[in-house]
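Observations on chain architecture
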Amino acid sequence: MNELLTTSLVWRLCAMLAGWLRRSPLGRGMRALGRLWRESATYRLFAWLLKRPCAVESSAYCAASERRSARLSAWGQAHLLPALRQSLFGGLCQAIGRAFRESLLLGRLCQSGFTAVLLAIVAAYAPLDWLLRDVLQLSLLGSIWDELLLLVGFVWALYQRASAQKPLRSRVSGAGLGVGLYLLIGLVLLVWTWSAPVSVSISGFRASMQYLLLFYLVIDLLRDRADLLLMTKVIVLLGTLIALYGVAQYLLGVEIPSNWTDQAETAVRTRVFSIFSNPNILGGYLVLVTPITVGMAYTVEAPAEKVFYWLCALCMCLACLFTMTRGAWFALVVAAVCFALIVDRRLLLLMLVGGIAACFLPFVRSRIGYLFTDAFVESNNRGGRAARWDRAFGYLDRADHWAQGLGFGRYGGAVAMQNPINSTFEYAYVDNYYVKILAENGIVGLCGFITSMLLLLWNGARAASAAVRARLRPLTAGMLCGLIGMLTASFFESLWEEPYLMAMFFSVAAMMIFAGRPEAETSAPN
């Protein structure tokens, strides 16, 4: 297959075009700019900062974590494993494991152990949630399966550390410190704004904070390069299927609610949403997954695999285009520009050509041109995002709670919409996650969230720099740019109100941080 591709006319034409671009004035100019940047004092400062050892990983807390891991391993070898071998529960688990490994459907996945199964489930979080809730309509299981996943996952991670013959290394990181800081601030704000009904506050806190725990679960479960690539492949393959479903919806002209478009946008005949509840959510999902797919195209070496991942990325770009979501378009451009600057600046020219071509599409011109009309300004001020943001700020002013916010689950998100307890509020989604945090958690919560994200992105950049050793730099950069894209899209939509998007975000964040660790350089035996 690889030989057929490399000798094909299309491949030779692409290689000839790439060679022409390298020799062109534009190509020479971009290389010159790259040399100037690499020789600048700013670049040398950033390179020095990125290569410095992380202070958290050499801290007393990390050393204490290593000692706890050693004590847990010693206790497991001396007490836990002998007790499990002699127990009925241990024998039952071994029998179930053998049955799964010998099965036709799950045998290959189970050969890598239960850890690989858990990681594959986490990577498939979004479609699994859709399958349980919307397709099978298992309301009870659909409402608790994510909590069960977290419970089983943390118990298994603890068992892995206890049963390890050699104590496992601590996974303490600067990014984990940032996530923990936001969790701590959330707990403080929950107590600070505690008021009746308590169930609403608890539900709001759970919706905002529970899925941050997936960061710690995934980074602790990942063992080696094979686990990282397994999760990535599951995310990419399922993302491609979701994107193809969206493209099919566009080709079939699926019917959509009338409030998804404005009457002035006559060129928009449909907006795709695939398995999600609306096009904005699909757009946010694709903004996260598409850069990861492009990163895989740069990471794999076989030409056939490169072509496959580029085709997957193309499907995702088309599906994102057909969502007609302007916020997702902008966020994807931001993510793509960041990826091009980090990995391959030649992509900037490809993006320019693609952008010019997209501008010739009637629905693109209609969606973008509508932004500059009086009708859009009137609609935005009457009931659009501007009106919702202004209403949220007004409620904060009225309560004089700018510091701590109105409280978890009180306004701007899904929990508040499901529990409209204040008769004086006009409840609505604020369609901006930062405004939603400000409304519910105030300036303290918003500053905590921004600090946490900045720490996460900075440590992601460090991971991309360190991942060169494992030849994972393009993939790690794709994960980093996907996170940047989703954070950008959150200015236009409360994407984190959807549990599967928050779960995906923090799972990808954990994968990104792990890719920069020494464990990602090797493939450990099963």
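Above this text is the structure in question.
To keep things clear, this report deals only with the structure shown in the data block. Model, not experiment: these values are computed from the prediction. (Residues numbered from 1 in each chain as written. Predicted model: local features only at pLDDT ≥ 70, side-chain atom pairs only at ≥ 80, totals over all residues. Heavy atoms only, no water.)

Inspection of every chain in the model, using the stated rule, returns 31 aromatic pairs. On the basis of an interplanar angle of 80° and a centroid distance of 5.6 Å, the ring pair of Tyr-370 and Phe-376 is categorised as edge-to-face. Pairing Phe-505 with Phe-506 gives two aromatic rings, centres 5.2 Å apart and planes at 75°, and the pair type is edge-to-face. The exposure classification of Phe-505 matches that of Phe-506, with both residues buried. Ring pairing ties together the aromatic residues Tyr-182, Tyr-433, Tyr-434, Phe-449, Phe-491, Trp-496, Phe-505 and Phe-506, which thus form one cluster. (Phe/Tyr/Trp six-rings, centres within 6.5 Å; stacked < 30°, edge-to-face > 60°. Buried < 20%, exposed > 50% of the residue type's maximum accessible area, 1.4 Å probe, protein only.)

Right, let's talk about the packing of helix α24 (residues 473–489) against helix α25 (residues 499–515) for a bit. α25 packs onto α24 with a crossing angle of 150° between their chain directions and a minimal axis gap of 9 Å. Judged by the twist between their axes, the crossing of α24 over α25 is left-handed. Residues Thr-476, Met-479, Leu-480, Leu-483, Met-486 and Leu-487 of α24 touch α25, and the partners they reach there are Leu-501, Phe-505, Val-508, Ala-509, Met-511, Met-512 and Ala-515. For the contact of α24 with α25, the per-class residue count stands at twelve nonpolar, one polar and no charged. (Axes fitted to C-alpha atoms, helices over the stretch in contact; angles between N-to-C directions. Helix = DSSP H or I, 4+ residues; strand = E, 2+ residues; numbered from the N terminus. Left-handed = near helix turned anticlockwise from the far one by under 90°. Contact = heavy atoms within 4.5 Å. Nonpolar A, V, L, I, M, F, W, Y, C, P; charged D, E, K, R; others polar.)

In terms of nonpolar packing, the biggest core is built from 117 residues, with Phe-215 and Trp-496 touching the most fellow members. Ranked by residue count, the leading element in this core is α25, at 15 residues. Contact partners of Trp-496, with chain neighbours within four places excluded, come to Tyr-433, Phe-449, Met-453, Met-486, Leu-487, Ser-490, Met-502, Phe-505 and Phe-506. Among the nonpolar cores identified, the runner-up in size contains eight residues, and Val-294, Ala-313, Phe-339 and Ala-340 belong to it. (Core = buried A, V, L, I, M, F, W, Y, C linked by side-chain atoms within 4.5 Å.)

Okay, the packing of helix α23 (residues 433–466) against α25 next. In contact at an axis separation of 9 Å, α23 and α25 are set at 25° when each is read in the N-to-C sense. Put simply, α23 runs roughly parallel to α25. The crossing of α23 and α25 is left-handed. Across from Tyr-433, Met-453, Leu-456, Asn-459, Gly-460 and Ala-463 in α23, the residues of α25 making contact are Met-502, Phe-505, Phe-506, Ala-509, Met-512 and Ile-513. For the contact of α23 with α25, the class distribution of residues is ten nonpolar, two polar and no charged. (Parallel < 35°, antiparallel > 145°, perpendicular 65-115°, else oblique.)

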